[in-house]
Amino acid sequence: MTILENISLGQYTTFKVGGNARYFCAVKSVGELKGALAFARAQNVPHFVLGGGSNVVVSDEGFAGLIIKMEIDGISRVVENSDILVTAWAGENWDELVAKTIEWVSS
């Protein structure tokens, strides 16, 4: 995991607008997520966890803390009788999650 500084957030949202993040990192594991949170605490800055960026509008003023881009992916299921519990990491692609869920329900 690499902590970057002054990264434009517009490239990470579907609206393609917004200012810079003071700090930015992409995490691909729980260990990296813990490291990012520890960094934010050590720097005494707020943090924001960003998924795919489709439900986020970023101010032109940006964000004065750490943006943590969630790239941990994975989908699992537990079947009990006729119930299916689907669990997905925050970095999972929405369309792929829906397709996999439909596949499981249909089989």
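For the structure, see preceding data.
Quick summary incoming for the structure in this document. Remember, it's a predicted structure, so these values are computed and weren't measured experimentally.

What follows covers the packing of aromatic side chains. Aromatic ring pairs are reported here in terms of the distance separating the ring centres and the angle at which the planes meet. Inspection of the entire model under this criterion finds two aromatic pairs. Between Tyr12 and Phe24 the ring centres are 4.5 Å apart and the planes differ by 25°, which places this aromatic pair in the stacked class. Within this pair, whereas Tyr12 is found in the loop between strand 1 (4-8) and strand 2 (20-27), its partner Phe24 is found in strand 2, the two being separated by 12 residues in sequence. A relative accessible area of 3% means that Phe24 is categorised as buried. When the centroid spacing of 5.0 Å and the interplanar angle of 85° are considered together, the rings of Tyr23 and Phe39 count as edge-to-face. Taken together, the residues span a long stretch of sequence, with Tyr23 in strand 2 and Phe39 in helix 1 (residues 30-43) at a distance of 16 residues. On the accessibility criterion, Tyr23 (8% relative accessible area) is buried.

Let us now look at the environment of Pro46. Structurally, the position occupied by Pro46 is in the loop between helix 1 and strand 3 (47-50). Residue Pro46 is classed as partly exposed on the basis of its relative accessible area of 46%. C-alpha separation for the pair Pro46 and Thr14, spaced 32 residues apart in sequence, amounts to 23 Å. In this structure, Pro46 is in contact with Phe63, Gly65 and Leu66, ignoring residues within four places of it in sequence.

In a regular helix each residue adds 1.5 Å, so 14 residues correspond to 20 Å; helix 1 covers 20 Å between its end C-alpha atoms and thus fits that length. Burial in helix 1 covers these residues: Leu33, Ala36 and Ala40. Relative to the axis of helix 1, the buried residues are bounded by an arc of 60° and lie together on one face. Away from the buried face of helix 1 by more than 90 degrees, exposed residues Lys34, Arg41 and Ala42 are located.

On to the nonpolar core. By size, the foremost hydrophobic cluster in this structure holds 11 residues: Tyr23, Cys25, Val27, Leu33, Ala36, Ala40, Val45, Leu66, Ile68, Met70 and Ile72. Elements represented by at least two residues in this core include exactly strand 2, helix 1 and strand 4 (63-70). Apart from residues lying up to four places away in sequence, Val27 is in contact with Met1, Glu32, Leu33, Ala36, Ile68, Lys69, Met70, Glu71 and Ile72. The next biggest cluster of nonpolar side chains, apart from the first, holds eight residues, and it includes Ile7, Leu9, Phe24 and Val56.

We now examine the sheet that holds strand 3. Reading across from one edge, 1-2-4-3 is the order of the four strands in this open sheet, with mixed pairing throughout. Each end of this open sheet is capped by a strand with a single partner; those strands are strand 1 and strand 3. Within this sheet the neighbouring strands show an average axis-to-axis angle of 40°, counted without direction.

The rules we used
- Residues numbered from 1 in each chain as written.
- Predicted model: local features only at pLDDT ≥ 70, side-chain atom pairs only at ≥ 80, totals over all residues.
- Heavy atoms only, no water.
- Phe/Tyr/Trp six-rings, centres within 6.5 Å; stacked < 30°, edge-to-face > 60°.
- Helix = DSSP H or I, 4+ residues; strand = E, 2+ residues; numbered from the N terminus.
- Buried < 20%, exposed > 50% of the residue type's maximum accessible area, 1.4 Å probe, protein only.
- Contact = heavy atoms within 4.5 Å.
- Expected span 1.5 Å × (residues − 1).
- Arc of directions from axis to C-beta.
- Core = buried A, V, L, I, M, F, W, Y, C linked by side-chain atoms within 4.5 Å.
- Pairing = 2+ DSSP bridges.
- Axes fitted to C-alpha atoms, helices over the stretch in contact; angles between N-to-C directions.

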